[in-house]
Amino acid sequence: MLEQTDPEIYNAIKNEQARQINGLEMIPSENYVSDAVLSAMGSILTNKYSEGYPGKRYYGGNHNIDVIETLAVERAKKLFDVSHANVQPLSGSPANQAVYFALLNLGDKVMGLHLFFGGHLTHGWKVNFSGKFYTPVNYQTSPNGFLDYDALEKQARQENPKLIFCGATAYPRLYDYKRLGEIAHSIDAYFVADIAHEAGLIAAKVVPSPARHADVITTTTHKTLRGPRGGMIMCDGNPSEPLKPLPEDANPRENLPTLIDRAIFPGLQGGPHNHTTAGIAVALHEAMQPGFKMYAQQILRNAKVLAECLMGYGFNLVTNGTDNHLMLVDLQNKNITGKEAEKALEDVGITVNKNTIPYDPRKPYNPSGIRLGTPALTTRGMKESEMRLIAELISKAIEHSNDSNVKEKLNKDVIDLCKGFPIFKYN
Ligand SMILES: Cc1ncc(COP(=O)(O)O)c(C=O)c1O
């Protein structure tokens, strides 16, 4: 149908499909959704307006949408062991924005990991709403790349922020959620765990969960969780009527669910994206199956093997390895910048992204590192032996970044490897 009505868009989609099929997707925040998630996303649910929450909508005809959103909420609560979930945030950034809107006043101080040390824009950064409308304070990692909880505690006591974020886009290790919660609560700050990257690993219980330690948990749904692009906000407690404002003297800490629901709607968003909500519900259901735990375990095993092999080829890894799905490669000893390495790898069909490393002497647009991860490759069914081969391909592509003959040969190897691991049913 699309082929006839809009061939330009159709062809661009087909070309992107070919890129996804024939390349090694190693950006750690990306994944391949299932056919079931795709079919929920591509459904007629996109036609419906449903401002409000299940049973309390501002539009008629929402009985089917209520079933879908309620299922998504109940599945999220069960999977992440929380008593309240809002599945309407349009993505991870809007989820974080809603937390600010729910809990802070304009200008309040927020503490989050520095962007150049792996933190996210929405955790308090000058060009983002979080740094423009609030007062950002950033913590850093130690020179060895690990979070330094003593330094973080000292800084928190000096700065007295009203909210502390943890979570990152490029941190290859686990978090001490208990300690972070204690630090935040000792200064009466909210502790928000942004698990955008690790959500699938947490759902599968292969890494620790921030539940019971964090006041609020935010996440994307499209990274390790393997759902459609979207966001969720979770916390404990029960919402009172979300469409009614709280009384002036209500204690915010006792009303987190209501404050969060009201921040999303009517605070920041209008109608939820119901096709996405259905896709999230399907992905959460998939994440409850035993196969998903095996998937998450394999992500970790693949990341460990890839990290060890890369180190074997002389690559320096920030923190000397990984505990999760991603690794950060410091290329300074390889005489190539992050931008050049990203391009060299793209030329052979391996997609990664350039990234700053802790205390990077270079600028973010052309930093000293690259970030790579295993969630998408693992979805394709790749295991340890493929990781060994991929480390070799990466090493050769970087070593021979100026040799087009070698790169052509490597690209053939990449395509051959991909052929054995189809991503779509109709691949
Ligand atoms: C830790 C973290 N939080 C939030 C986000 C924002 O998610 P989105 O890009 O969906 O807005 C990201 C995305 O990379 C992230 O890594």
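Everything in this summary refers to the structure shown in the same document. On a predicted model such as this, the values are computed, not experimentally measured, just so you know.

Criteria and cut-off values
Residues numbered from 1 in each chain as written. Predicted model: local features only at pLDDT ≥ 70, side-chain atom pairs only at ≥ 80, totals over all residues. Heavy atoms only, no water. Salt bridge = Lys/Arg side-chain N within 4 Å of Asp/Glu carboxyl O. Helix = DSSP H or I, 4+ residues; strand = E, 2+ residues; numbered from the N terminus. Buried < 20%, exposed > 50% of the residue type's maximum accessible area, 1.4 Å probe, protein only. Pairing = 2+ DSSP bridges. 1 Å grid on protein atoms, 1.4 Å probe; cavity = no way out; pocket = protein on both sides within 12 Å on 5 of 7 lines; lining within 4 Å. Points joined across faces, edges and corners; volume = space filled by probe spheres on them. Nonpolar A, V, L, I, M, F, W, Y, C, P; charged D, E, K, R; others polar.

Below, the discussion takes up the pattern of salt bridges. Applying the stated criterion across every chain yields a total of 23 salt bridges. Between Arg 19 and Glu 16 there is a salt bridge, with the nearest N and O atoms lying 2.8 Å from each other. Of this pair, Arg 19 and Glu 16 both sit in helix α2 (residues 7–22), separated by three residues, roughly a single helical turn. Since its relative accessible area comes to 31%, Glu 16 is described here as partly exposed. Here Arg 212 and Asp 81 are joined by a salt bridge, their closest N and O atoms 3.1 Å apart. You can see Arg 212 sitting in the loop between α9 (199–203) and β9 (216–220) and its partner Asp 81 sitting in the loop between α4 (63–80) and β4 (84–86), a full 131 residues away along the chain. Several salt bridges converge on common partners, so that one network encompasses Asp 150, Glu 153, Arg 157 and Arg 179.

Most of strand β15 (residues 369–373) is tucked away, with five of its five residues classed as buried. Side chains of β15 alternate between two faces, with Gly 369, Arg 371 and Gly 373 and Ile 370 and Leu 372 buried alike. Bridge count between strand β14 (residues 353–355) and β15: three bridges; the pairing is antiparallel. Looking at β15, one finds that Lys 354 is bridged to Ile 370.

The subject of this paragraph is the layout of surface pockets. Space inside the largest pocket adds up to approximately 670 Å³. Around the largest pocket, the lining comprises 21 residues; the ones closest to its centre are Gln 20, Asn 31, Val 33, Leu 38 and Phe 424. Element by element, the count of residues in the lining of the largest pocket is highest for α2, at six residues. Residues belonging to the lining of the largest pocket are distributed by class as follows: nine nonpolar, six polar and six charged.

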